[in-house]
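The chain contents come next:
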Amino acid sequence: MTRTGDEFVEGEACLLSDPKDREFLITLDSSKTFQFDRGTIPHGDIIGCPEGSTVRSSRGVLVVAMRPRLADHVLRMKRGAAVMYPKDAGALVTWADIAPGCVVVEAGTGSGALTLTLSRAVGPDGMIISVERREDHAKHARRLIESFAGAVPDNVDLRIGEVEEVLIGLKPDRIVLDIPEPWDCVPIAADVLSGGGGFACYLPTVPQVQQVREALSDSRSFSGSATFEILMRSWTVEGRSVRPDHRMVGHTGFLTVSRKSLREPAVGSTAQPAL
Ligand SMILES: C[S@@+](CC[C@H](N)C(=O)[O-])C[C@H]1O[C@@H](n2cnc3c(N)ncnc32)[C@H](O)[C@@H]1O
């Protein structure tokens, strides 16, 4: 595994930042030269240097070389399907309570952006079963995951199929859906999740949110449902000009989280049904 600060090697991704904090993502190839409006830098000048090194362009401009963070990779990669934005993926990990050791069923794999985030969150003792119905998306996601992580992580199981079918017979701790019709999965999610298990979905429009919330409520198998969105506003900090940026990503999607409740009291228990 590559560690922070390791030397760059041929074939890996490298994020270059110029003195104006403009960033350029390249794949290191010793036969190539990076070109920008401040000169050129042969990739060979970067290969073999430790991460964080400063290299000089042909016009004397200093550029810093780092490995891209997962968020850099997700926002810059050539996507097939629309990705879950890092701001939303971070909140989802927190509010769906994706913890080390969790077994998560995710759909659809899409471009694999969320899969990578979930894989990190569950760690080596957890497992992400990521399901994608379209072979072309699944292939593309595998490539994007490999281009970031070097290989598909050991805790990621990429499957092709309909998530409603894949879920049958599994016992996940969490179900995370970035698909257009997550309400279709509510009955099977109610069957396969244990009490306290998490259901989460990501939807771009209000009618979709209404439909999934109705399905969760009608199933009488979930409680603690909540829907929210994340607004992230970045700032310009240049000398005395310290202010919010003029532009922002205004809308991505709404997150809905919920938890499986047990309708029947446990045998011999005096506990009341949760609903
Ligand atoms: C918006 S993309 C997911 C993006 C992904 N979360 C990411 O961050 O890269 C939605 C994907 O779900 C897939 N999909 C839709 N319904 C599905 C289902 N019932 N089972 C499996 N995959 C499904 C679509 O083919 C599409 O690739």
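The structure this text deals with has already been given above.
Every chain is numbered on its own, with residues counted from 1 as its sequence reads. Per-residue local features of the predicted model are confined to residues with pLDDT of at least 70, and side-chain atom pairs are confined, for both listing and counting, to 80 or more; whole-chain, interface and lining totals are unaffected and use all residues.

Visitor: Explain the environment of Arg-56 to me, please; I cannot follow it from the model alone.
Guide: Starting at the N terminus, helices and strands are each numbered in turn, a helix being any DSSP run of H or I of at least four residues and a strand any DSSP run of E of at least two. If you trace the backbone, Arg-56 turns up in strand S5 (residues 54-56). Judged by the 12 C-beta atoms lying within 10 Å of it, Arg-56 is exposed. The spacing of Arg-56 and Ile-46 is 10 residues in sequence and 10.0 Å in space, taken between C-alpha atoms. Any residue whose C-beta has 12 or fewer other C-beta atoms within 10 Å is treated as exposed, any with 20 or more as buried, and any in between as partly exposed, C-beta atoms being built from the backbone.

Visitor: For this particular structure, what's the right way to read helix H4 (residues 135-149)?
Guide: Residues three or four positions apart in an α-helix share a direction because the helix packs 3.6 residues into each turn. In a helix, the anticipated span is given by 1.5 Å times the number of residues less one. Taking 1.5 Å of rise per residue, 15 residues should cover 21 Å, and H4 covers 21 Å from first to last C-alpha, within 8% of that figure. All of the buried residues in H4 are Ala-138, His-140, Ala-141, Leu-144, Ile-145 and Phe-148. Within H4, the buried residues cover an arc of 165° as seen down the axis, which keeps them to one side. Summarising the geometry of H4, the exposed residues directed more than 90 degrees from the buried face are Glu-135 and Asp-136. A pair of residues counts as a contact when their C-beta atoms, built from backbone coordinates, are separated by no more than 7 Å. Looking at the buried positions of H4, the neighbouring elements they touch are helix H1 (70-76), helix H3 (113-122), strand S8 (127-132) and strand S9 (156-160). Just downstream of H4, Gly-150 is the residue with a positive phi angle, here 90°. The arc in question is the one traced by the directions running from the helix axis out to the C-beta atoms.

Visitor: I keep staring at the site of the ligand and nothing clicks. Help me out?
Guide: For each residue, a C-beta atom is positioned from the backbone; the residue is called near a molecule or strand if that atom sits within 6 Å of it. In the vicinity of the ligand lie 21 residues, with Gly-108, Gly-110, Ser-111, Ala-113 and Asp-178 positioned nearest. When residues of the shell around the ligand are traced back to their parent elements, those giving at least two are H3, S8 and helix H5 (163-166).

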